[in-house]
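Fold and contact review
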Amino acid sequence: MDITLIITVALASAIIVALLVLVGIIIYQRWRIGDQNVFIDRFFRQNEEQREKMKKAGLL
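Residues numbered from 1 in each chain as written. Predicted model: local features only at pLDDT ≥ 70, side-chain atom pairs only at ≥ 80, totals over all residues. Heavy atoms only, no water.

Structural notes on the pattern of salt bridges
Note the cut-off: In the sections that follow, a salt bridge refers to a side-chain nitrogen of Lys or Arg positioned within 4 Å of a carboxyl oxygen of Asp or Glu. Starting at the N terminus, helices and strands are each numbered in turn, a helix being any DSSP run of H or I of at least four residues and a strand any DSSP run of E of at least two. Accessibility here uses a 1.4 Å probe with only protein chains present; expressed as a share of the type maximum, an area under 20% marks a residue as buried, one over 50% as exposed, and anything in between as partly exposed.
Inspection of the entire model under this criterion finds one salt bridge. Asp41 serves as the salt-bridge partner of Arg45, at 3.2 Å between the closest nitrogen and oxygen. Within this pair, Arg45 and its partner Asp41 are both found in helix 1 (residues 3-57), separated by four residues, close to a single helical turn. Residue Arg45 is classed as partly exposed on the basis of its relative accessible area of 45%. Accessibility expressed as a relative area gives 42% for Asp41, which makes it partly exposed.

Structure below.
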């Protein structure tokens, strides 16, 4: 076999693997950010509920 064909196939395979790894990292990071947004949303909701309770109790 021709050495340039082997090098070309190896290089193409390496590029494809690198792109798949990058796509996997992006998907994982978006998933983590989505989970963090859920916790932030829960925090804001609980904070608003506490404010409403404090307003009803006359503390604010």
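Once the structure has been displayed, the description carries forward.
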